[in-house]
Amino acid sequence: MASPIYERLTLAIAQDAELLALLERVPAPKRQPNLLLAVVRLLGGPVDDAGAFHDFTVAHWPAVEAELRTRATQTNEVGRCALLLPVLAALPQPLALLEVGAAAGLGLYPDRYSYRYGDHRIGSGQPVLDWPLTRAAPPARLPEVVWRAGLDLNPLDVTDAGDLAWLEALIWPEQDDRRERLRAAAAIAAADPPTLVRGDLVEDLARLAARAPADATLVVFHTSVLYQVPAAGRARFLETVGALPGHWISVEAPHVVTFDQLPPPPDATLHNVLALDSRPLAWARGHGQAMSWFA
């Protein structure tokens, strides 16, 4: 995963004293490169030329700053469902899914998408998630989902044009395939909206989990979320989720959710660890581009 446009732009911003001084005005957690770039794109600014980006951002700084303070990076990448599917399909059915850091809840529809692991195709819907899976057999079925809910500090609604525009702005310029997946998944969510609750991942998790039907297997999951949570809150979340009934799937960087021993990753690219109930299962790319099962 790469963006030559963003690489050139971020290198220029790193040397731009005026822009760096403006960024000092917002809280440190809001100085994320992807957040700034997405906000400028959301406001109609150019990202393919560093000079034009500078001029636009400086001229529209009050609007940029306001968006930086209220927005959050919410990469609702449905490709991550391809990571979850082998685990979800193997659990006792039916399932009650609860996603932490759900954004618009697009990760709550693993039963509605299609998957292609090499020559193995599962499902018939759109989008088709076509990713390699190594050192493991692909799942034989889609999960049966009877309840789906999401928890987020700022849940998004794909039927709201502004929220959908924000999700699109977060996708890097060259990644047209991700935009197509987003739009296809958004159509599914708009036709059958999930339960999305505005709340804290510690304070409100147990309350939402209690709403799941008793005759379904509760599965709490999150993908690339906990890195945004301070260490103390992360520890409290791990304690809370571990006390819930059902199962817990995490897909996080190995320094975020830690394990005693892990095999070497398959290559030098950044990988998360897919784990079920604190048991590491596989290396996984951040957006689901590939998964390598542990032996």
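Definitions and limits used
- Numbers given for residues are sequential positions, taken from 1 along each chain in its written order.
- Two thresholds apply to this predicted model, a pLDDT of at least 70 for residue-level local features and 80 or more for giving and counting side-chain atom pairs, whereas whole-chain, interface and lining totals are computed over all residues.
- The basis for every side-chain value is the complete set of heavy atoms in the structure, and neither hydrogens nor water enter the calculation.
- Accessibility here uses a 1.4 Å probe with only protein chains present; expressed as a share of the type maximum, an area under 20% marks a residue as buried, one over 50% as exposed, and anything in between as partly exposed.
- Comment: elements are numbered from the N terminus, with helices defined as DSSP H or I runs of at least four residues and strands as E runs of at least two.
- Here, any two strands with at least 2 DSSP bridges between them count as paired.
- Between two residues, a contact is recorded if the distance between any of their heavy atoms is within 4.5 Å.
- Whenever a nitrogen or oxygen atom comes within 3.5 Å of another N or O atom, the pair is scored as a polar contact, on the condition that within protein one atom can donate a hydrogen and the other can accept it, and that pairs from neighbouring residues in sequence are kept only if both atoms are in side chains.
- Within this document, salt bridges are pairs made up of a side-chain nitrogen of Lys or Arg and a carboxyl oxygen of Asp or Glu, the two lying within 4 Å of each other.
- As a rule, the C-alpha atoms of each element are fitted with a line to give its axis, helices using only the stretch in contact, and angles between N-to-C directions run from 0 to 180 degrees.
- When the centres of two rings from Phe, Tyr and Trp lie within 6.5 Å, Trp using its six-membered ring, the rings pair. Their planes under 30 degrees apart give stacked, over 60 give edge-to-face, and anything left gives tilted.
- Only residues whose relative accessible area exceeds 30% and that take part in no salt bridge are eligible for patches, with like-charged residues grouped when within 9 Å of each other and nonpolar side chains (Val, Leu, Ile, Met, Phe, Trp, Tyr) grouped when within 5 Å.
- The Shrake-Rupley method, run with a 1.4 Å probe, gives the accessible areas here. Residue values count only the displayed protein chains as cover.
- Charge assignment in this entry is limited to Lys and Arg as positive and Asp and Glu as negative, and neither His nor the chain termini are counted.
- Each charge is placed at NZ for Lys, CZ for Arg, CG for Asp and CD for Glu.

Undergrad: Honestly, the pairing of strand S6 (residues 145–152) in this entry has me stumped. Any pointers?
TA: In regular strands, side chains alternate between the two faces of the sheet. For S6, the tally of buried residues reaches seven of eight residues, placing the bulk of the element in the interior. The sheet contact formed by strand S1 (residues 95–100) and S6 spans six bridges and is parallel. Counted as the bridge partner of Ala96 is Trp147 from S6. Where S6 meets strand S7 (residues 195–198), four bridges bridge the pair, whose relative direction is parallel.

Undergrad: What am I meant to see in the environment of Asp200 here?
TA: Locating Asp200 in the fold gives a position in the loop between S7 and helix H9 (205–209). Separated by 50 residues in sequence, Asp200 and Ser250 have C-alpha atoms that sit 17 Å apart. What Asp200 contacts, discounting residues up to four positions off in sequence, is Leu151, Leu153 and Leu205. Only 2.9 Å separates the side chain of Asp200 from the backbone nitrogen of Glu203, close enough to count as a polar contact.

Undergrad: Help me understand the pattern of salt bridges in this model?
TA: Between side chains of opposite charge, a pair can form when the charged atoms approach closely. Scanning all chains against the criterion turns up 14 salt bridges. Linking Glu168 and Arg183 is a salt bridge whose minimum nitrogen-to-oxygen distance equals 2.9 Å. You can see Glu168 sitting in helix H7 (residues 161–169) and its partner Arg183 sitting in helix H8 (residues 176–191), a full 15 residues away along the chain. In this structure Arg183 comes out as partly exposed when scored by relative accessible area, which is 45%. Among the ionic contacts, a cluster of salt bridges with common partners joins Glu77, Asp177, Arg178 and Arg181.

Undergrad: Could you clarify how one ought to interpret the sheet that holds strand S2 (residues 114–117) in this entry?
TA: Sheets are built from strands that pair by backbone hydrogen bonding, the pairs being arranged parallel or antiparallel. One open sheet accounts for three strands, arranged S3-S2-S4; its pairing is mixed. Both edges of this open sheet fall to strand S3 (120–122) and strand S4 (128–130), since each of them pairs with a single strand only. On average, each strand axis in the sheet is tilted by 15° relative to the strand beside it, whichever way the strands run. Sheet topology note: the S2/S3 ladder contains three bridges and is antiparallel. The residue bridging Arg116 from the neighbouring strand is Arg121, located in S3. Each of S2, S3 and S4 is contacted by helix H6 (residues 81–90), which is oriented at about 90° to S2, the strand it contacts most.

Undergrad: Teacher, can you tell me more about the packing of aromatic side chains here?
TA: To describe a pair of aromatic rings, you give the distance between the ring centres and the angle between the ring planes. The tally for this structure, following the rule as stated, stands at three aromatic pairs. Aromatic side chains Tyr115 and Tyr117 sit 6.3 Å apart centroid to centroid with 5° between the ring planes, which places their arrangement in the stacked category. Among the residues examined, Tyr115 registers a relative accessible area of 0% and is labelled buried. Judged by relative accessible area, Tyr117 falls into the buried class, the value being 7%.

Undergrad: Mind showing me how you'd approach a negative patch on the surface here?
TA: Together, Glu18, Asp48, Asp49 and Asp55 make up a negatively charged patch on the protein surface. Within the secondary structure layout, Asp48 lies in the loop between helix H3 (33–42) and helix H4 (50–59). What makes Asp48 exposed here is its relative accessible area of 59%.

Undergrad: Just to check I follow, could you spell out the sheet that holds strand S8 (residues 217–223) for this structure?
TA: Here we have nine strands laid out as an open sheet, ordered S5-S12-S11-S10-S9-S8-S1-S6-S7, and mixed in their pairing. Either end of the sheet is taken by a strand with one partner, and the two such strands are strand S5 (133–134) and S7. Where S8 meets strand S9 (residues 247–252), five bridges bridge the pair, whose relative direction is parallel. Following the sheet pairing, Thr223 is matched in S9 by Val251. Together, S1, S8 and S9 form the strand contacts of helix H10 (residues 231–242), whose direction differs from that of S9 by roughly 150°.

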